[in-house]
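Summary of the model geometry
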Amino acid sequence: MYKTLFAVVIVLLFGATMPVNAGNHTDALPPGLQKKLEQGKPLPPGWQKKVDIGRGDRLHRELYDYGDVRDIGDGREEVRVEDRIYTVIKDTREIINILDQ
């Protein structure tokens, strides 16, 4: 449930900023999946994996700006996005820990 909600947020945040390339479907969601997502339906498991991020990845700027950011010292920040808390390196936004609530 939480991963689905998180995937929806990511796709909605990036849907408008992703370039569309007719020959490469990895850049954006196909129109049918985008429509289902806008209706609140979950993405298929394969597509959820494509938009899911984890440790070592960089937190996308859109998620960082959308989230509630709190400085926790030692060059780290906590970013709360929906029901997840990401601990990131302040300068690079590299994810060092993820807490699900």
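The model shown is predicted, which means the values in this text are computed figures rather than measured ones.

1. Observations concerning the overall build of the protein
Each helix and strand counted, the protein has 4 helices and 4 strands in total. Scanning the protein from its N terminus toward the C terminus, one meets helices and strands in the order α-α-α-α-β-β-β-β. Taken across its 101 residues, the protein has 34% of its residues classed as buried. Relative to all contacts within the protein whose residues are 6 or more apart in sequence, the contacts with residues 24 or more apart total 42%. When the accessible surface of the protein is totalled, it reaches about 6400 Å², and 51% of it is carbon and sulfur.

2. Digging into the confidence of the model for the protein
For the protein, per-residue confidence averages 75 on the pLDDT scale, and residues scoring 70 or more make up 63% of the total. Averaged over each element, pLDDT in the protein is lowest for helix α3 (residues 45-51) (61) and highest for strand β1 (residues 68-73) (94). Contacts for the low-pLDDT stretch residues 18-27, under 50 throughout, to residues beyond four places or in other chains number 7 contacts.

3. Examining the pattern of salt bridges
Across all of its chains, the model carries 3 salt bridges by this definition. A salt bridge links R61 to D65; the nearest nitrogen and oxygen atoms lie 3.5 Å apart. Highlighted residues: R61 and D65, both in helix α4 (residues 61-66), separated by 4 residues, approximately one helical turn. Under the relative-accessibility criterion, R61 is labelled partly exposed at 41%. Note that K90 and D71 form a salt bridge whose closest N and O atoms lie 3.4 Å from each other. On the criterion of sequence distance, the pair formed by K90 in the loop between β3 (84-89) and β4 (95-100) and D71 in strand β1 is long-range, its members being 19 residues apart. Here D71 falls in the partly exposed class, since its relative accessible area comes to 47%.

4. Let's talk about the nonpolar core
Judged by nonpolar contacts, I53, L59, L63, Y64, V79, V81, Y86, V88 and I95 together constitute the single largest core of 9 residues. Of all the secondary-structure elements, those providing two or more residues to this core are α4, β2 (76-81) and β3.

Definitions and cut-offs
Counting of residues starts from 1 at the beginning of each chain's written sequence and follows it residue by residue. At least 70 in pLDDT is required for a residue's local features to be given in this predicted model, at least 80 for side-chain atom pairs to be given and counted, and no such filter applies to totals for whole chains, interfaces and linings, which use all residues. The side-chain figures draw on all heavy atoms in the structure; neither hydrogens nor water molecules are used. The helix and strand labels rest on DSSP assignments: H or I over at least four residues marks a helix, E over at least two residues marks a strand, and numbering proceeds from the N terminus. Burial classes: relative accessible area under 20% of the type maximum marks a residue as buried, over 50% as exposed, and values in between as partly exposed (1.4 Å probe, protein chains only). Residue contacts are counted whenever heavy atoms from the two residues lie within 4.5 Å of one another. Each accessible area value is a Shrake-Rupley result obtained with a 1.4 Å probe; residue values ignore everything except the protein chains displayed when judging cover. Each residue gets a pLDDT score, which is the predictor's confidence in that residue and runs from 0 to 100. Basic side-chain nitrogens of Lys or Arg form a salt bridge, by our definition, when they fall within 4 Å of a carboxyl oxygen of Asp or Glu. Put simply, a nonpolar core is a bunch of buried Ala, Val, Leu, Ile, Met, Phe, Trp, Tyr and Cys residues held in one set by side-chain atoms that sit within 4.5 Å of each other.

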